[in-house]
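If you want the building blocks of each chain, they are given just below.
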Amino acid sequence: MARDFDNQVIVLGVTGSIAAYKSCEIASRLVEAGAEVVPVLTSGGREFLGTASLEGITGQRAITDMFESVQNPDIEHIALARRANLFLIAPATANIIAKAAHGLADDWLSTTLLATRAPILFAPAMNTMMYQHPATQDNMALLKSRGCHFVGPATGALACGEFGPGRLIDTPAILEAAAIALCNEQSLRGKHVLITSGGNHEPIDPVRYIGNRSSGKMGYALALEALKRGAQVTVVCGPCEVRPPDAAIVVDTPTATAMLEAVNACLPQVDIFIAAAAVADYRIEDPPTEKRKRNGANLTLELAPNPDIAAHVGAARKPHQLAIGFAAETHDILEHAAAKLKKKNLDLIVANDVKSVDSGFGTDTTRAWFLGQDVEPEALPLLSKAELAQRLFDRVAILQATLPATNR
Ligand code: CTP
């Protein structure tokens, strides 16, 4: 996330939820990432959390009352409404969601939400029954239809003793959603991006599998960048440490065959396909349903080849659908990558030096080249996976511009 929020003014609205204390962590992470955070507490927010911690963390006076602390309330709330780049309401109660949906303005936060044209992101936190109530669901749908953003809630044990959706989602997911809400770049609005990510677990028996070391970091970076550019994103995700961003649709697929099935189901609606998964090349056909017992003798496993998902998409895609792949190589990188570009009928391949210590599986950086059809390979500098994702979608924009107008 680094300095994702440099020069951004974020109004952090804290409303009356038991999760109000978590706003301190959110504020702290936003400040670390470069944001100027202005805390605003409703009367409920103030009941749960005093102002001192948020003021200490943000270095800003907390706004708590429409009339008490502000010299000229009419001017002040309008000024901040204009200056803010984002309103983040975390935690957001059913009450603030209802007030925002219906234009009620009876305190500083609800009044300023009406006055701002900055993006608004709600992170709901409430009792499950309240969250599932049609009134709350309708209010959220209304706000979404007006362009407001939502992240979470998470499902789990709630302070009231119930179990279900209603927990404030984790801070990293809130920061991710804030970065997406803040992004003005909408070059992929209306586009559907499908990404395969992670590795596979091919069963040997019910308790063992053949796997690989894919972390899912590249798939995560690609999904986040596509979301920031306004795309709808589906991630067909194999087992990995880094889950896709919360705003993506995620289809969990343990094996390569399950991955292919999920890709096929989604493909007709897709504009851009990116194969970032480290797909297992082989599987055991019909693995036993009982655990294999150890008898001291050598074990020979017969492996059958898995389908090549990228090649399948390359062959099946329509002219308006772009297909992009990665090539994980240890030697003769450009030759091997160029062969995969042709064989899999892709528009672009990112050749990756997975032998170098700062590139490849599990690292945060990548040494890569872009290889396209009929263009010279482009060597990229050492980049973070987030930077590589940005460069890749810049190339996608060029590729889209070259599609015939009817296919864009
Ligand atoms: N890929 C795929 N399905 C497979 C194998 C690979 O979709 N069964 C995709 C990967 O996601 C990647 C590209 O094809 O985008 C190249 O993958 P890579 O592992 O580099 O190459 P392979 O085709 O598996 O060939 P090899 O292992 O021989 O290098």
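Residues numbered from 1 in each chain as written. Predicted model: local features only at pLDDT ≥ 70, side-chain atom pairs only at ≥ 80, totals over all residues. Heavy atoms only, no water.

### Some thoughts on the environment of Gln 132
- Mapped onto the elements, Gln 132 comes out in helix H7 (residues 128-132).
- In this structure, the C-alpha to C-alpha distance between Gln 132 and Ile 204, residues 72 residues apart in sequence, is 42 Å.
- In contact with Gln 132, not counting residues within four places along its chain, are Gln 137 and Pro 165. (Helix = DSSP H or I, 4+ residues; strand = E, 2+ residues; numbered from the N terminus. Contact = heavy atoms within 4.5 Å.)

### Observations regarding the site of the ligand
- Taken together, 14 residues lie around the ligand, and Ala 275, Ala 277, Ala 310, Lys 340 and Lys 344 are the ones closest in.
- Contacts to the ligand include Ala 310, whose backbone N or O atom sits 2.8 Å from an oxygen atom.
- Ala 328 places a polar main-chain atom, nitrogen or oxygen, 2.9 Å from an oxygen atom of the ligand.
- Look at the ligand: alone it shows 570 Å² of surface, and the protein chains cover 76% of it.
- Within the residue set of the shell around the ligand, elements represented by two or more residues are helix H12 (309-316) and strand E16 (322-329).
- Ranked by residue count, the leading element in the shell around the ligand is E16, at four residues. (Near = heavy atom within 4 Å. Polar contact = N/O pair within 3.5 Å; in protein donor to acceptor, adjacent residues only side chain to side chain. Areas by Shrake-Rupley, 256 points an atom, 1.4 Å probe, with all protein chains shown as cover.)

### Describing a nonpolar patch on the surface
- Together, Tyr 282, Leu 299, Leu 301 and Leu 303 make up a nonpolar patch on the protein surface, roughly 380 Å² of accessible area in all.
- Note on Leu 299: relative accessible area 59%, which makes it exposed. (Patch = residues over 30% accessible without salt bridge, like charges linked within 9 Å, V, L, I, M, F, W, Y side chains within 5 Å. Salt bridge = Lys/Arg side-chain N within 4 Å of Asp/Glu carboxyl O. Buried < 20%, exposed > 50% of the residue type's maximum accessible area, 1.4 Å probe, protein only.)

### Comments concerning the pairing of strand E11 (residues 232-237)
- Most of E11 sits inside the fold, with five of its six residues counted as buried.
- Relative to E11, strand E8 (residues 192-197) runs parallel, the two sharing six bridges. Within E11, the position partnered with Ser 197 by the bridge is Cys 237.
- Relative to strand E12 (residues 249-252), E11 is paired through four bridges, and the arrangement is parallel. Residue Val 235 lies in a different strand from E12, and its bridge partner there is Val 250. (Pairing = 2+ DSSP bridges.)

### Observations regarding the side chain of Asn 139
- Its location among the elements puts Asn 139 in helix H8 (residues 134-145).
- By relative accessible area, which is 9% here, Asn 139 ends up buried.
- With residues up to four places along the chain from it excluded, the contact list for Asn 139 reads Ile 97, Ala 98, Ala 101 and His 102.

Everything listed is a geometric property; what it means functionally is a separate question.
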